[in-house]
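Listed below, chain by chain, are the residues.
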Amino acid sequence: MAIPRPSRSRTRLAVLVLASVTLVTVGLRDAPVVRDVREAASTVVGPVEGAADGITAPFRNAWHGITDYEELRDENERLRQQLAGQEDSEAGEIRRSDAEEQLAQLSAALDLPYAADVPTVAARVVSGPRSNFSHAVEIDKGTDDGVAVGMPVVTAAGLVGRISQASGSRSTVQLLIDPDFRVGVRLADRPELGTARGRGRGEPLTADTAIDLDVEIPEGTGLVTSGVDRSAYPPGIPVGEVTGTREGSGGLALDLIIEPLADIENLSYVSVMRWQPAE
């Protein structure tokens, strides 16, 4: 039986592909002797460029793998060492900064200028809010250390919240930004009283007062705990600063917009004031 002869088109395609592979492989070194031939061949093999690319890709990858391996390996090692050095340096700086910040917070927690004769328990914050809707943190001190539900929690800057739950070695702190939080306040330079309440994370506090609408309260005016009879908080704990005013819901008095003084979002150490309201 006679074997059919290959068609001219198939023979031509095979020759062109073979020539393309040879020229591309040699051309990777950009040899001057084949530059003109390669340019002419690119015109001839244009119609089959897609097929040739698919066939020659393994050859090109293999060639680069052989010729560039040592250079790439050296560059990779250099970059890896450089990155490792940067990470060590940055991590060291972060660790130092964090240690300095925690030391400052711990020192402040042990020396509260407004605590007077109220005994305090310094505690470390071991767990932050568990979600964007949470307004509580956990500390590493509890009933074994004299901590009890209702006690104020503070930093050197001011009020943080109150103990809402307590066990032997752990306690939960309800933060003053909690919408359910309430605390009696007064202006630092005025006798008027009010009640401050939280409005959630990222929001200022508000305080309703009996201050007339026509009274101007300068921005930056401080507010402290009022400490009225049987108050859950001793008098004089800094709470926040006035950032604005608005007409109260009854339309007869001012509401105050208050920025808390304590940095609620970055708590490392706090103090629990072992305050027991008078019976």
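Each chain carries its own residue numbering, running from 1 in the written order of its sequence. Where totals are concerned, whole chains, interfaces and linings use all residues; where local detail is concerned, this predicted model gives features only for residues with pLDDT of at least 70, and gives and counts side-chain atom pairs only at 80 or more. Calculation of side-chain values draws on the structure's entire complement of heavy atoms; hydrogens and water are dropped beforehand.

Give a description of the pairing of strand E8 (residues 205-212) that names residues and reports values.
In short, DSSP must find at least two bridges between two strands for them to pair. Secondary structure elements are taken from DSSP: a helix is a run of H or I of four residues or more, a strand is a run of E of two residues or more, and numbering for both begins at the N terminus. As judged from the 4 bridges shared by strand E7 (residues 193-197) and E8, these two strands associate in the antiparallel manner. Within E8, the position partnered with Thr-195 by the bridge is Asp-208.

Can you break down the sheet that holds strand E9 (residues 222-225) residue by residue, with the values?
Ordered by their spatial adjacency, 6 strands build a closed barrel running E6-E7-E8-E11-E10-E9, and the pairing between neighbours is antiparallel. If you compare each strand with its neighbour and ignore which way they point, the axes differ by 40° on average. Where E9 lies against strand E10 (residues 238-247), 3 bridges are found, and the strand directions are antiparallel. The residue of E10 that forms the bridge with Leu-223 is Gly-240. Only C-alpha atoms enter the line fits that serve as axes; for helices the fit covers just the stretch in contact. Angles between N-to-C directions range over 0 to 180 degrees.

An account of the environment of Gln-165 is requested, with residue identities and associated values reported.
Mapped onto the secondary structure, Gln-165 falls in strand E4 (residues 159-166). The sequence separation of Gln-165 and Thr-143 amounts to 22 residues, and the corresponding C-alpha distance is 9.8 Å. Contacts: residue pairs with any heavy atoms within 4.5 Å of one another. Those residues in contact with Gln-165 that sit more than four places away from it in its chain are Val-149, Ser-171 and Thr-172.

Give a description of the pairing of strand E11 (residues 253-260) that names residues and reports values.
Burial within E11 is extensive, with 7 of its 8 residues counted as buried. One ladder, built from 5 bridges, connects E8 with E11; its direction is antiparallel. In the sheet register, Thr-206 faces E11, and the bridge partner there is Ile-257. Examined bridge by bridge, E10 and E11 share 7 bridges and lie antiparallel to one another. Bridge pairing links Thr-245 to Leu-256 in E11. Hairpin connection from E10 to E11: 5 residues lie between these consecutive antiparallel strands, with Gly-251 at a positive phi of about 75°. To sort residues, take the accessible area from a 1.4 Å probe on protein chains only and compare it with the maximum for the residue type: under 20% means buried, over 50% means exposed, and anything in between is partly exposed.

How would you sum up the confidence of the model for the protein? Please name residues and give values.
Close inspection of predicted coordinates is inappropriate for parts of the model with low pLDDT. Confidence of the predictor at the level of single residues is given by pLDDT, which spans 0 to 100. Looking at the protein as a whole, the pLDDT averages 74, with 59% of positions reaching at least 70. Here helix H2 (residues 32-44) stands out as the least confident element of the protein, with mean pLDDT 44; strand E5 (residues 171-175) is the most confident, with 97. Note on residues 23-69: pLDDT under 50 across the span, and 25 contacts to partners over four residues away in sequence or across chains.

Lay out the pattern of salt bridges with the relevant residues and their values.
We define a salt bridge as a side-chain nitrogen of Lys or Arg found within 4 Å of a carboxyl oxygen belonging to Asp or Glu. This structure, assessed with the given rule, holds 5 salt bridges. In this structure, the salt-bridge partner of Asp-208 is Arg-197, at a minimum N-O distance of 3.1 Å. Of this pair, Asp-208 sits in strand E8 while Arg-197 is found in strand E7, placing the two residues 11 residues apart along the sequence. Classification of Arg-197 by relative accessible area gives partly exposed; the value is 26%. A salt bridge links Arg-246 to Asp-255; the nearest nitrogen and oxygen atoms lie 3.9 Å apart. By relative accessible area, which is 14% here, Asp-255 ends up buried.

Break down the side chain of Thr-209 for me, citing the residues and quoting the values.
When you line up the elements, Thr-209 lands in strand E8. One polar contact links the side chain of Thr-209 to the main-chain amide nitrogen of Ile-211, over a distance of 3.1 Å. Only 2.7 Å separates the side chain of Thr-209 from the backbone oxygen of Leu-254, close enough to count as a polar contact. Once residues within four sequence positions are removed from consideration, Thr-209 is found in contact with Leu-193, Gly-194, Ala-253, Leu-254, Asp-255 and Leu-256. Polar contacts, as used here, are pairs of N or O atoms within 3.5 Å; protein pairs need one atom able to donate a hydrogen and one able to accept it. Residues neighboring in sequence count only if both atoms are side-chain atoms.

Which residues make up the sheet that holds E4, and what values do they have?
Read around the closed barrel, the 6 strands follow the order E1-E2-E5-E4-E3-E12; overall the barrel is antiparallel. In this sheet, adjacent strand axes meet at a mean angle of 45° when their direction is disregarded.

Tell me about the environment of Ser-226, and name the residues and values.
Summarising the element assignment, Ser-226 is placed in the loop between E9 and E10. Taking C-alpha positions, Ser-226 is 9.9 Å from Pro-238, a pair spaced 12 residues apart along the chain.

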